[in-house]
Amino acid sequence: MDQIRIRGGRPLSGTIPISGAKNAALALMPAALLTDEPLTLRNLPRLADIDTFGHLLNQHGASTHTQGSRPEDFGRVMTVRAGRITSTTAPYDIVRKMRASILVLGPLLAREGRATVSQPGGCAIGNRPIDLHLRGLQALGAEVELASGYVRATAPRGGLVGGRVVFPQVSVGATENVLMAAVLARGETLIENAAREPEIVDLARCLVAMGAQIEGIGTERLLVSGQERLHGATYAVMPDRIEAGSYACAVGIAGGEVLLAGARRDIMEATIAALEAANVSVLEERGGLRVRRRNGLAATDATTAPYPGFPTDMQAQLMALMCVAEGASVLTETIFENRYMHVPELARMGADITVSGRSALVRGVPELTAAPVMATDLRASMSLVIAGLAARGETVVRRVYHLDRGYERLEEKLQAVGADIERVADD
């Protein structure tokens, strides 16, 4: 198992290319199951989760062909063709590795009239039930049975039927699953209180490119006119707003000036507002966003919320930045109940953090000190890397397989802008 070693104290300078968004890609890939024609996805990031989802699509009978796959390349082009679905079962051995696997449920049910998908199980950062997914599909006529750790769903004779889906709370995954099911349902489907995340907009635009009819894209009210069939398309995955925000925090804590090539301000407003309040300048220019720390870091508060609020996937990274800011910050987590597992590890590096319920009080310290630390989840692992860039001495981050799920070749990107960071075998 690998580990990452970081020697802090070096400012960052240069350009970091922002990869395609992991969270968008993992919704776009199952859309290929909605048609027997090829779906080609460009700007697909090189991540462990993408590979896992490719294996899942193969399990269902889809072929996956990848181009631009030289080791030195960032991103890939993948063509998925599900000419014939050979299995409508998503087995536990694959689903347990990645919760996003539940997103094959809607497409398989819509196209084949049945789907059996392993329940995703627990998640380190908190409870993530799939009841909203199931209720949404039931509103389209599906019968759902839970048995032996699997979800078994069947459509009525003649296929799913359009209906009205009202989510009692915002759910990104449930919106994606129901949206993909609705595009092949007979009649119109109205989805209310839909999630508005940019990744959902990306999915909806891809579905439209495949022949779907969707109104209200980007709003909380989606109207879908079901089609008999969809066709193939070529679509580019949006840039990863969480990766861009993470590297912006890295520049903020390490100092220097970096161009985040390909990053988009319009999908990062809440993150940028928090960074600018912390005295980190983020300027839009042709080709991306230029990030620079002005002078000393200032404490700032943030509360996570569904889009367009401050993203839960940026909470840990902002906390790392606040560890060395002047003053005290309060970060409040409203999405997941167990998303402060990085706090004890940051404390090992000298951070002063007090957690009370859903809120964390971060008192800035003059400096952090390097220490061996353990990653507990994807975003927590990035917070430790960010802290390591400013810590005095050598920080060792273990369990970096979490990083490989969401950050494409992280150490290479940081090395290119001057960070003293390397991946080594864990002896």
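See the structure above.
This is a predicted model, so every value here is computed, not measured. (Residues numbered from 1 in each chain as written. Predicted model: local features only at pLDDT ≥ 70, side-chain atom pairs only at ≥ 80, totals over all residues. Heavy atoms only, no water.)

**With respect to the overall build of the protein**
- Looking only at helices and strands, the protein has 14 helices and 24 strands in total.
- Seen along its three principal axes, the alpha-carbon backbone of the protein occupies a region of about 65 × 45 × 45 Å.
- Here the protein, with 427 residues, has 56% of them falling under the buried criterion.
- A sequence separation of at least 24 residues applies to 74% of the contacts in the protein between residues at least 6 apart.
- Summed over all atoms, the accessible surface of the protein reaches about 16300 Å², with 45% contributed by carbon and sulfur.
- The averaged location of the 47 negative side-chain charges in the protein is 2 Å from the averaged location of its 45 positive side-chain charges. (Helix = DSSP H or I, 4+ residues; strand = E, 2+ residues; numbered from the N terminus. Buried < 20%, exposed > 50% of the residue type's maximum accessible area, 1.4 Å probe, protein only. Contact = heavy atoms within 4.5 Å. Areas by Shrake-Rupley, 256 points an atom, 1.4 Å probe, with all protein chains shown as cover. Lys, Arg positive; Asp, Glu negative; His and termini not counted. Charge placed at Lys NZ, Arg CZ, Asp CG, Glu CD.)

**Some words on the pattern of salt bridges**
- Scanning all chains against the criterion turns up 28 salt bridges.
- Ionic pairing is found between Glu-367 and Arg-392, a salt bridge with its closest N-O pair at 2.8 Å. Of this pair, Glu-367 sits in the loop between strand E21 (359-363) and strand E22 (372-374) while Arg-392 sits in the loop between helix H12 (378-390) and strand E23 (394-398), placing them 25 residues apart in sequence.
- According to the relative accessible area criterion, Glu-367 is partly exposed, its value standing at 40%.
- A salt bridge links Arg-423 to Glu-411; the nearest nitrogen and oxygen atoms lie 2.9 Å apart. Of this pair, Arg-423 sits in strand E24 (residues 420-425) while Glu-411 is found in helix H14 (residues 410-416), placing the two residues 12 residues apart along the sequence.
- Residue classification places Glu-411 among the buried positions, given a relative accessible area of 10%.
- Several salt bridges share partner residues, and in doing so they unite Asp-2, Asp-404, Glu-411 and Arg-423 into one network. (Salt bridge = Lys/Arg side-chain N within 4 Å of Asp/Glu carboxyl O.)

**Quick word on the packing of helix H4 (residues 105-112) against helix H6 (residues 172-182)**
- Put simply, H4 and H6 touch, their axes get as near as 7 Å, and they point 15° apart. The angle between H4 and H6 falls in the class roughly parallel. The handedness of the crossing between H4 and H6 comes out as right-handed. Each of Leu-105, Gly-106, Pro-107 and Ala-110 in H4 lies in contact with H6, whose residues at this interface are Asn-177, Met-180 and Ala-181.
- Here the contact of H4 with H6 is built from residues that sort into 5 nonpolar, 2 polar and no charged. (Axes fitted to C-alpha atoms, helices over the stretch in contact; angles between N-to-C directions. Parallel < 35°, antiparallel > 145°, perpendicular 65-115°, else oblique. Left-handed = near helix turned anticlockwise from the far one by under 90°. Nonpolar A, V, L, I, M, F, W, Y, C, P; charged D, E, K, R; others polar.)

**Some thoughts on the sheet that holds strand E18 (residues 302-303)**
- Within the open sheet, the 4 strands sit side by side as E18-E19-E21-E20. Their pairing is mixed. In this open sheet, the two edge strands, each paired with only one partner strand, are E18 and strand E20 (352-356).
- Note that E20 and E21 share 5 bridges and pair antiparallel. Residue pairing across strands places Val-355 opposite Ala-360, the latter belonging to E21. (Pairing = 2+ DSSP bridges.)

**Description of the environment of Leu-222**
- Relative to the elements of secondary structure, Leu-222 occurs in strand E13 (residues 221-225).
- Sequence separation of Leu-222 and Ala-278 is 56 residues, and the distance between their C-alpha atoms is 36 Å.
- Beyond its immediate chain neighbours, meaning those up to four positions away, Leu-222 contacts Thr-175, Leu-179, Thr-189, Leu-190, Ile-191, Ala-194, Ile-214, Glu-215, Gly-216 and Ile-217.

These values are about where atoms sit, not about what they do.
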